[in-house]
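# Overview (structure and organization)
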Amino acid sequence: MKGLYRGSGMTAKEYLSQIKLLDRKIEQRIQQAEELRRIAYGLRSPEIKQDAVQTSPEGDPIGNAVIRYVDVETEIDTMVDRYVNLKHKIIGEIHELEDPRMIDLLYLRYVKYMTLEEIACTMEKANGGHYSYDHTRRLHWKALKEFSKRHGNVLKDFPKCHSNATFERDIM
């Protein structure tokens, strides 16, 4: 939905897509933590020589790996808190729309990460049939437009390059 907002704000699509983006970042950090955990547990204990005494903390690869692992785990916890708050906020904003079809479509697309093709096969018409892909695409566009009208002030105030501090303040 390019062009709906003036200034540095996000489009409705960019704003709603933040849930998935943050989810991906969390998954990548979890993978990083798993690698660090394997390194921390997979290293041999250092050999101690009676002649040499080493006082440098750099000589403790296990300790350093554990410290990095704990730091990444702390970062993951913070990111998960932000994710939960953002998801709750966006679901609430989607639910403020009045058309149940638009609510369902935006929820399935941006909270459940379904493709428009999957949504077309999932959503049922009043007569029990399913929507075509083209109809689903048009309804998606209308839903984004309606979301923009209802929440334009949020989108204008939500810059594309969002700092973590601002991001946390806005979603908590």
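A brief structural summary.

So, how was this worked out
Residues numbered from 1 in each chain as written. Predicted model: local features only at pLDDT ≥ 70, side-chain atom pairs only at ≥ 80, totals over all residues. Heavy atoms only, no water. Phe/Tyr/Trp six-rings, centres within 6.5 Å; stacked < 30°, edge-to-face > 60°. Helix = DSSP H or I, 4+ residues; strand = E, 2+ residues; numbered from the N terminus. Buried < 20%, exposed > 50% of the residue type's maximum accessible area, 1.4 Å probe, protein only. Lys NZ or Arg CZ within 6 Å of the ring centre and 35° of its normal. Salt bridge = Lys/Arg side-chain N within 4 Å of Asp/Glu carboxyl O.

### As for the packing of aromatic side chains
- Under the counting rule described, the total for this entry stands at one aromatic pair.
- An angle of 35° between the planes, with centres 6.1 Å apart, marks the rings of Tyr 15 and Phe 147 as tilted. Separated by 132 residues along the polypeptide, Tyr 15 in helix α1 (residues 12-16) and Phe 147 in helix α6 (residues 133-156) bring together distant segments of the chain.
- On the accessibility criterion, Tyr 15 (0% relative accessible area) is buried.
- The ring of Tyr 110 has Arg 109 sitting right over it, with the charged end atom 5.7 Å from the ring centre.

### Comments concerning the pattern of salt bridges
- In this structure the tally under the stated criterion is seven salt bridges.
- A salt bridge links Arg 37 to Glu 34, with the shortest nitrogen-to-oxygen separation between them at 2.5 Å. One end of the pair is Arg 37 and the other is Glu 34, both in helix α2 (residues 18-42) and three residues apart, which spans about a single turn.
- Here Arg 37 falls in the partly exposed class, since its relative accessible area comes to 30%.
- Under the relative-accessibility criterion, Glu 34 is labelled partly exposed at 29%.
- A salt bridge links Asp 99 to Arg 101; the shortest N-O distance between them is 2.9 Å.

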